[in-house]
Amino acid sequence: MQQRVTQVADPEDDRLAPYRNVRERDLVGREGRFIAEGKVVLNVLLSNPAFAVESLLVLENRLAGLRQQLKLCPPDVPVYCVSREVIDAIAGFPMHRGILAVGRRNTPRSIDALIDTMPDKALAVVLCGISNHDNMGSIFRNAAAFEADCVLMDETSCDPLYRKAIRVSVGAALKVPFAREGSIEAIVTRLQTAGFEVFALSPSGTIDIYDAKPSRRVALLLGTEGEGLPRALLQKLKTVKIPMSGSFDSLNVATASGIALSRFSRFSSL
């Protein structure tokens, strides 16, 4: 382990450039790289061959607790060990818990390729225009908890590999297979062609979610809060609603995803 660890005392060291001011300068969009925070997220990152670790930045008093994780890193992955003063000067925010990593997504799969890998009995989450990173992270966390097979996003949704989305997801954004491209209409058409029954969640849905009868392949379609899903799309799909108080509308989209996933997951007894 010691051969891999490099002590760095200067926050201006060029080797630490990818970690500098990540709060203002996220790495998403730079050749597929991203920042992962914390031990739990690092564990997920190291366990998924779809991603690679390029380097680690570790607070000196956290290094001893990462022995198992460092054994999983390829020998050529540099590990930079720094003091509290240095890591705070580099990162510019206190939420990292002393463990940061630069990750890289290996060759992303297209939506077509991802759908083609789905089993005969499958549950997909489909997102339209989800631009809030907290919501995105929470939806991925719910998808992992209820073992959804994938998350498909249209091009107007935010990137789930944004630093905050990964943190909120507790690493689920690095666990659940996903693809992000194209229009929501094209995604829905592709799912229907593949035999998925698409349920669109809407407060004005025509079917109570607990009365909906799922098929072997189900896709749950969720839209952004406020605007919701496109009206033209709602008119073509089965729309389901979650029963709730009529005096206070409505549920956060991440909360709604958890309820819907619970209803349609393999763990449901309904």
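Every chain begins its residue count from 1, and numbering advances along the sequence as written. This being a predicted model, a pLDDT of at least 70 is required before a residue's local features are given, and a value of 80 or more before pairs of side-chain atoms are given or counted; all residues contribute to the totals for chains, interfaces and linings. Only hydrogens and water are set aside when side-chain values are computed; all heavy atoms of the structure are taken into account.

> What am I meant to see in the overall build of the chain here?
The helix and strand tally for the chain stands at nine helices and twelve strands. Along the longest, intermediate and shortest principal axes, the C-alpha atoms of the chain span 60 × 40 × 35 Å. Relative accessible area decides the class of each residue, using a 1.4 Å probe on protein chains only: under 20% of the type maximum gives buried, over 50% gives exposed, and in between gives partly exposed. Taken over 270 residues, the chain has a buried fraction of 49%. The contact definition used throughout considers only heavy atoms, calling two residues in contact when any of these lie within 4.5 Å. Across the chain, contacts joining residues at least 24 apart in sequence account for 76% of those joining residues at least 6 apart. Where accessible areas are quoted, they stem from the Shrake-Rupley method and a 1.4 Å probe; at the residue level, only the protein chains shown are allowed to cover. On the chain, roughly 13000 Å² of surface is accessible, and the fraction owed to carbon and sulfur atoms is 49%. Both charge centroids of the chain, one from 33 positive and one from 30 negative side chains, sit 6 Å from each other. Helix numbers and strand numbers start at the N terminus; a helix is a DSSP run of H or I with at least 4 residues, a strand a run of E with at least 2. The positive count covers Lys and Arg only, the negative count covers Asp and Glu only, and His and the chain ends enter neither. Charge placement uses NZ in Lys and CZ in Arg. For Asp and Glu, CG and CD serve respectively.

> Can you walk me through the sheet that holds strand β11 (residues 217-223) in this structure?
Sheet strands line up and pair through hydrogen bonds in the backbone, either parallel or antiparallel. When DSSP finds two or more bridges between a pair of strands, those strands are recorded as paired. Strand order in the open sheet made by the seven strands is β8-β7-β6-β11-β9-β12-β10, with parallel pairing throughout. Edge positions in the open sheet fall to β8 (178-180) and β10 (207-208), since each of these has one partner strand only. Two strands pair when backbone bridges link them, and strand β9 (residues 197-201) and β11 are joined in this way by four bridges, in the parallel orientation. When the sheet's bridge partners are listed, Val-198 is paired in β11 with Ala-219. Across the sheet, helix α7 (residues 184-193) touches β6 (122-128), β7 (150-153), β9 and β11, and the angle it forms with β6 is around 165°. Every axis corresponds to a line fitted to the C-alpha atoms, with the helix fit spanning only the stretch in contact, and the corresponding angles, defined between N-to-C directions, vary from 0 to 180 degrees.

> It is not clear to me how the sheet that holds strand β2 (residues 33-37) should be interpreted in this structure. Could you clarify?
Ordered in space as β1-β4-β3-β5-β2, the five strands form an open sheet in which the pairing is mixed. Taken across any chain shown, the strands that pair with only one partner, and hence form the sheet edges, are β1 (5-7) and β2. Each neighbouring strand pair of the sheet contributes to a mean axis angle of 25°, computed without reference to strand direction. In this structure, strand β3 (residues 51-59) lies alongside strand β4 (residues 79-82), joined through four bridges in parallel fashion. Bridging from a neighbouring strand, Leu-57 pairs with Tyr-80 of β4. Strands β3, β4 and β5 (99-105) of the sheet are contacted by helix α3 (residues 84-91), whose axis makes an angle of about 130° with β3.

> What exactly am I supposed to notice about the packing of helix α5 (residues 133-145) against helix α9 (residues 253-264) here?
Helices that pack against each other are described as a pair by the angle of their axes relative to one another and the distance between those axes. As a packed pair, α5 and α9 sit with axes 8 Å apart at the nearest point and diverge in direction by 10°. Classed by the angle they form, the pair α5 and α9 counts as roughly parallel. Here α5 and α9 pass one another in a crossing that is right-handed. Between α5 and α9, the contacting residues are Asn-135, Ser-138, Ile-139, Asn-142 and Ala-143 on the first element and Val-253, Ala-254, Ser-257, Gly-258 and Leu-261 on the second. Small angles under 35 degrees read as roughly parallel and large ones over 145 as roughly antiparallel, with 65 to 115 read as roughly perpendicular and the rest as oblique. We call a crossing left-handed when the near helix sits turned anticlockwise from the far one by less than a right angle, and right-handed when that turn is clockwise.

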